[in-house]
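A look at the structure
The primary structure of each chain is shown beneath.
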Amino acid sequence: MAIFPRGNGLGPDKIAADVVVIGSGPGGAVTASMCAEAGKFVVMLEEGQNLPLESAPHFSREEILQKYRNAGVNIGFGAAKIAYVEGCCVGGGSEVNRGLYHRAPEAVFDRWRSDYRVDALSLSELTPHFAACEKVAKVEYLPGPAPQLSTRLEEGAHRLGWACLEVPRLYAYATDATGAPGRKQSMSETFVPRFLEAGGELMPDTCATRIARSAGRWTVHARRSNPTDSQEIELTAKTVFVAGGAVQTPLLLRRSGIRRNVGDSLRFHPMLKVVALFADEINTPGELEPVHQIKEFDPRFSMGCSMSKRPALALAMAAHPQMMEAVDRDWRRMAIYYVQSTGGIGRVRSFPGFRDPFVRVELSPLDLKELAEGLTRLAEVLFAAGAQAVYPSIPGYPVLFSPADIPKLPQTLPPKQANVTTMHLFSSCPMGEDMHKCATSSFGRVHGADNLFIADASLLCGPTVVNPQGTVMAVAHRNVTRAIEDRAI
Ligand SMILES: Cc1cc2nc3c(=O)[nH]c(=O)nc-3n(C[C@H](O)[C@H](O)[C@H](O)COP(=O)(O)OP(=O)(O)OC[C@H]3O[C@@H](n4cnc5c(N)ncnc54)[C@H](O)[C@@H]3O)c2cc1C
């Protein structure tokens, strides 16, 4: 498996390629594998390490330290602060996420087309691209019954007459001939191996710091690190795809002097969590991951169940310190649930001398009200599911012991104590023909720049409403297909 660039006569710190892809998450990995399969010499840079899925247990502290950016601690500042997480390893977010999979609904694409003037982006036009990605990264439903903490949500929704569904995952559940269990279909298991088989060169531990154009080619300046040392390298290429994710892509572009509609419109799915306590044990170690989501209130907000291991429960209960002993004792009767909306906007800025970006976020009074209503609905469904108590993960919030307590919840979320988090970030460099709003063309080419493309969640024009990875991959597949047809690579 070639993971270091082959010599090309330029010396170890200078590499000439046809295509450089910056970032190996879902957007970058799909793009790089398609370019390599088209016969081009492609180098894919990845700031994080190249680690197998099993290098750490899923959702463990070790995994967070190995595979998350800044050990999972990133803050968007504003009246209501938002804590966000990003993957930072070969495969990006796909390595650390649960792979809950949706094709974004038709109404989402209709809105992007009309608001951003995106050409040829209907659900039917994207369907072959979703299907092509699903052939490589398998999407399957659980092979058996869902875990109880997941079915409880379904039972509650059923009692209230709300729409609830089991969401498939990027996962191949079937055991293989040797009896080994199935595998998560992250990028390191799917598109990255495809890329390597097609002759692509992967450079992990390598961070692109700036890109520049001269003499009709792009130069990517990068820093390659190992535990004791780091080395500056330069790559030149006809074409560059930037796919560092919705925060890092605008950071790199702005640092490189490319700023038009870049980093001005970050969007996300803001999330609030609660811990529900049940009478019986619903949280069994080793069970499959929860998969049910309530869709009754889409596109305003949706609800689901989070991974609810003991350390995660302790963290989610931090707003109720008197409950820490109860977590130790009763954690098998507890599970974490969330409500997730589509409001909020942010900006990404770079400052000289700082490695990390400055991210500013804003939740409007309407966004805060919507989240507060979502929290109320979440409490309703959990009591309908048989919860004995609901503990909002928000400092100062009351514990709810029955539906009669629900009116105690504030009708709007106080911004200072909101405790909002997010894992779904997008839209920082939207695609489309509206030159006042869009950073790239309808197919991801940066406006005003030859052969420079964006190929990740930054391109999406707004919230996907559903989990975004499927849409990130399909849009990347669509855009690189067009770039290949146009001979832009
Ligand atoms: C904990 C978690 C759970 C999630 N759960 C789900 C889920 O269940 N379903 C779902 O659909 N989505 C989920 N998501 C979101 C999903 O993972 C993202 O939408 C998706 O990974 C975005 O893909 P991307 O290619 O835009 O960027 P990323 O996945 O963020 O990949 C970008 C990669 O580029 C690298 N990079 C950045 N800058 C540079 C640079 N300058 N040089 C070199 N490399 C660079 C980064 O290290 C990273 O590996 C989750 C995300 C997280 C973090």
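Criteria and thresholds
Residues numbered from 1 in each chain as written. Predicted model: local features only at pLDDT ≥ 70, side-chain atom pairs only at ≥ 80, totals over all residues. Heavy atoms only, no water. Helix = DSSP H or I, 4+ residues; strand = E, 2+ residues; numbered from the N terminus. Rg over C-alpha atoms; globule rule 2.2 N^0.38 Å. Buried < 20%, exposed > 50% of the residue type's maximum accessible area, 1.4 Å probe, protein only. Areas by Shrake-Rupley, 256 points an atom, 1.4 Å probe, with all protein chains shown as cover. Lys, Arg positive; Asp, Glu negative; His and termini not counted. Charge placed at Lys NZ, Arg CZ, Asp CG, Glu CD. Pairing = 2+ DSSP bridges. Right-handed = clockwise from strand over helix to strand, strands pointing away. Core = buried A, V, L, I, M, F, W, Y, C linked by side-chain atoms within 4.5 Å. Near = heavy atom within 4 Å. Polar contact = N/O pair within 3.5 Å; in protein donor to acceptor, adjacent residues only side chain to side chain. Salt bridge = Lys/Arg side-chain N within 4 Å of Asp/Glu carboxyl O. Expected span 1.5 Å × (residues − 1). Domains from an automatic or database assignment. Contact = heavy atoms within 4.5 Å. Buried area = accessible area lost by both parts, 1.4 Å probe. Nonpolar A, V, L, I, M, F, W, Y, C, P; charged D, E, K, R; others polar. Phe/Tyr/Trp six-rings, centres within 6.5 Å; stacked < 30°, edge-to-face > 60°. Lys NZ or Arg CZ within 6 Å of the ring centre and 35° of its normal.

**Re the overall build of the protein chain**
Secondary structure summary: the protein chain contains 12 helices and 23 strands in total. Over its C-alpha trace the protein chain gives a radius of gyration of 22 Å, about what one expects of a compact globule, namely 23 Å for 489 residues. Relative to its 489 residues, the protein chain shows a buried fraction of 57%. On the protein chain, roughly 19800 Å² of surface is accessible, and the fraction owed to carbon and sulfur atoms is 53%. Charged side chains in the protein chain number 52 positive and 51 negative. The centres of these two groups are separated by 5 Å.

**Quick notes on the pairing of strand S2 (residues 42-45)**
Alternating positions in S2 separate into two faces, Val-42 and Met-44 on one and Val-43 and Leu-45 on the other, with burial throughout. Across 4 bridges, the pairing between strand S1 (residues 14-22) and S2 is parallel. When the sheet's bridge partners are listed, Val-19 is paired in S2 with Val-42. One crossover worth recording links S1 to the parallel S2 by way of helix H1 (residues 26-37), and it is right-handed. In this sheet, strand S9 (residues 201-203) lies alongside S2 in parallel orientation, the contact comprising 3 bridges. Note on S9: the bridge partner recorded for Met-44 is Leu-202.

**With respect to the nonpolar core**
In this structure, Ile-22, Leu-45, Leu-235, Phe-241, Tyr-337, Leu-382 and Leu-452 are the most contacted members of the largest nonpolar core, which totals 129 residues. With 8 residues, the single largest contributor to this core is helix H11 (residues 365-384). Ala-316, Val-327, Ala-389 and Val-399 belong to the second largest nonpolar core, which has 14 residues in total.

**Focus on unusual backbone geometry**
Residues Asp-298 and Pro-299 are joined by a peptide bond in cis, for which omega reads 5 degrees. The phi torsion at Ser-427 lies on the positive side, around 70 degrees, for a residue other than glycine. In this structure, Ser-427 sits in the loop between strand S22 (425-426) and strand S23 (452-454). For Ser-427, a relative accessible area of 1% puts it in the buried group.

**Some remarks on the site of the ligand**
Inspection of the region around the ligand gives 37 residues, with Glu-46, Gly-93, Leu-100, Ala-457 and Gln-469 positioned closest. Contact between the ligand and Glu-46: an oxygen atom at 2.7 Å from a side-chain N or O atom of the residue. At a separation of 2.9 Å, an oxygen atom of the ligand approaches a polar side-chain atom of Asn-97. Within the complex, the protein chains bury 95% of what would otherwise be the 1000 Å² of accessible surface of the ligand. Put simply, the parts of the chain that give the shell around the ligand at least two residues each are H1, helix H3 (93-96), strand S10 (206-214) and helix H12 (469-485). Residue contributions to the shell around the ligand peak at 3 residues, all from S10.

**Digging into the pattern of salt bridges**
Tallying each qualifying case throughout the model produces 25 salt bridges. Between Glu-47 and Arg-69 there is a salt bridge, with the nearest N and O atoms lying 3.0 Å from each other. On the criterion of sequence distance, the pair formed by Glu-47 in the loop between S2 and helix H2 (61-67) and Arg-69 in the loop between H2 and strand S3 (75-76) is long-range, its members being 22 residues apart. On the basis of relative accessibility, which here comes to 10%, the residue Arg-69 falls in the buried class. The salt bridge partner of Arg-355 is Asp-356, with a shortest N-O separation of 3.0 Å. Members of the salt-bridge network, linked through shared partners, are Arg-300, Glu-370, Glu-373, Arg-377 and Glu-380.

**Quick notes on H11**
For H11, which comprises 20 residues, the first-to-last C-alpha distance of 29 Å matches the rise-based estimate of 28 Å (1.5 Å per residue) to within 8%. Here H11 has its buried residues at Asp-367, Leu-368, Leu-371, Ala-372, Gly-374, Leu-375, Leu-378, Ala-379, Val-381, Leu-382, Phe-383 and Ala-384. Looking at the residues trailing H11, positive phi occurs at Gly-386, about 105 degrees.

**Regarding the sheet that holds strand S7 (residues 169-172)**
Sheets are built from strands paired through backbone hydrogen bonds, the pairs being either parallel or antiparallel. With respect to topology, 3 strands assemble into an open sheet ordered S5-S7-S8, the strand pairing being antiparallel. Strand pairing shows two members of the sheet lacking a second neighbour, strand S5 (139-140) and strand S8 (183-184), which therefore form its edges. As paired elements, S7 and S8 share 2 bridges and run antiparallel to each other. Within the sheet, the bridge partner assigned to Ala-172 lies in S8 and is Arg-183.

**Here's the deal with the domain arrangement of the protein chain**
Partitioning the protein chain into domains gives domain 1 (1-50 + 89-137 + 185-261 + 426-489) and domain 2 (67-84 + 142-168 + 270-422). The C-alpha-based centres of domain 1 and domain 2 are spaced at 31 Å. At the junction of the two partners, domain 1 supplies 20 residues and domain 2 supplies 29 residues. For the domain 1 face of the interface with domain 2, the top three residues by lost area are Arg-98, Arg-254 and Val-465, together amounting to 30%. In this assembly, domain 1 and domain 2 are joined by 1 salt bridge. Applying the counting rule to domain 1 against domain 2 returns 8 residue pairs in polar contact (both at pLDDT 80 or more). Broken down by secondary-structure element, the contributors of at least two residues to the side of domain 1 that touches domain 2 are H3 and helix H8 (248-255). Top contributing element to the side of domain 1 that touches domain 2 by residue count: H8, with 5 residues. Considering only residue class, the side of domain 1 that touches domain 2 consists of 11 nonpolar, 4 polar and 5 charged.

**Details of the packing of aromatic side chains**
Counted by the stated rule, this structure contains 8 aromatic pairs. Taken together, a centroid distance of 6.5 Å and an interplanar angle of 70 degrees make the contact between Phe-278 and Tyr-337 edge-to-face. Here Tyr-337 lies in strand S17 (residues 334-341) and Phe-278 lies in the loop between strand S14 (271-277) and strand S15 (292-294), a separation of 59 residues in the sequence. By relative accessible area, Tyr-337 is classed as buried at 0%. One aromatic cluster is present, built from ring pairs that chain together Phe-77, Phe-351 and Phe-358. One cation-aromatic arrangement involves Lys-437 over Tyr-116; the distance from NZ or CZ to the ring centre is 4.8 Å. Its end group placed over the ring of Phe-443, Arg-478 keeps NZ or CZ at 4.0 Å from the ring centre.

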